[in-house]
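Architecture at a glance
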Amino acid sequence: MLIATWNINGVKARLDNLINWLEQHSPDILCLQEIKSVDEAFPRAPIEALGYHVETHGQKGFNGVALLSKSAPISLVRGLDGEESDEQARYIEGLWQDGARALRVASIYLPNGNPVGTEKFDYKLRWMARLEKRAKQLLADEGDVVLAGDYNVIPEPIDAKRPDAWLGDALFQPESRTAWRRLVNLGYTDAVRAATDAAETFTFWDYQAGAWQKNNGIRIDHMLLSPEAASRLTGVGIDKDVRSWEKPSDHVPVLIQIG
DNA sequence: ATGGTCGTTACACGA
């Protein structure tokens, strides 16, 4: 079972790249973030033509998440509980039957939170607390859970080429990193970090200032696995090559194989 | 070095 996550930064602008990538890797489930599309405008047809089911949770202009899957989910959850007034589309969760097992996969687009010291940063921290609550609930089922997406958190200094440059940024604030650790410490495994301690294991390179050419990247796209999913983990990868494609997203796909 | 580059949208904004 191949599961992947990719912040695609605009699904309409990235449709050719998405189709090419699906044809190359043929994942069982792909979590997308920043589709920047309302549900009605999502380019379903060419994706369905490849044999995928398409479930979206979009909004106009910004944010938006989706789940593409070869088999149809049994059930879906759109949005995170805990804040009635929150209208930002950042969470979609599906449940699949994988042989004898149930598999739950969420596509997460965690708030960026910049600038620090504003309502945007408070919203990020509130959203992380809401995610922690949901993540805890999901562990109670003792099933396979994969929480995948753009967390907008740099967990540790090793996860940035230039950690000093991120000290004032919401992605690397002590509060953001603490909230990340709280999530992991519930009992989740950071799949990429479990697979490698290597430096310069990045998933995002800014469009600006030649960040890609300088490998000035950060690791902010993560896949958190429940103990049951982690015990089945047989492979982890970051498809760095995609960043060198024409008209790339600023993020690249992260993949896991579970047996 | 307070710039730089994208996507979506509508004449900025979020990242």
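Cut-offs used in this document
Residues numbered from 1 in each chain as written. Chains lettered and ligands numbered in written order. Predicted model: local features only at pLDDT ≥ 70, side-chain atom pairs only at ≥ 80, totals over all residues. Heavy atoms only, no water. UniProt positions renumbered as here; feature names shortened; annotations may be inferred. Helix = DSSP H or I, 4+ residues; strand = E, 2+ residues; numbered from the N terminus. Buried < 20%, exposed > 50% of the residue type's maximum accessible area, 1.4 Å probe, protein only. Polar contact = N/O pair within 3.5 Å; in protein donor to acceptor, adjacent residues only side chain to side chain. Contact = heavy atoms within 4.5 Å. Pairing = 2+ DSSP bridges. Axes fitted to C-alpha atoms, helices over the stretch in contact; angles between N-to-C directions.

What follows covers the UniProt feature "site: Important for catalytic activity" (unreviewed entry) in chain A. Using the residue numbers shown here, the UniProt feature "site: Important for catalytic activity" (unreviewed entry) corresponds to Asp 221. Along the chain, the position of Asp 221 falls in strand S12 (residues 221–225). Asp 221 gets classed as buried once you look at its relative accessible area, which sits at 1%. Among the polar contacts listed, one links the side chain of Asp 221 to the side chain of Thr 203, at a separation of 2.6 Å.

Mapped onto this numbering, the UniProt entry gives "site: Interaction with DNA substrate" (unreviewed entry) at His 251. Tracing the sequence through the fold places His 251 in the loop between strand S13 (233–238) and strand S14 (254–258). Apart from the residues lying within four places of it in its own chain, the contact partners of His 251 are Trp 6, Asn 7, Asp 150, Thr 203, Phe 204, Ile 220 and Asp 221. At 3.4 Å, the side chain of His 251 and the side chain of Asn 7 are in polar contact.

The next subject is the sheet that holds strand S5 (residues 75–78). The strand order S5-S6-S7-S8-S12-S9 describes an open sheet built from six strands, whose pairing is mixed. Both outer strands of the open sheet, S5 and strand S9 (189–190), are each paired with one neighbouring strand and no more. In the sheet, strand S8 (residues 144–150) pairs with S12 via five bridges, with the strands oriented antiparallel. Along S12, the bridge assignment pairs Gly 149 with His 222. Along the sheet face, helix H3 (residues 119–139) touches S5, strand S6 (91–98), strand S7 (101–109) and S8 and points at about 15 degrees away from the line of S6.

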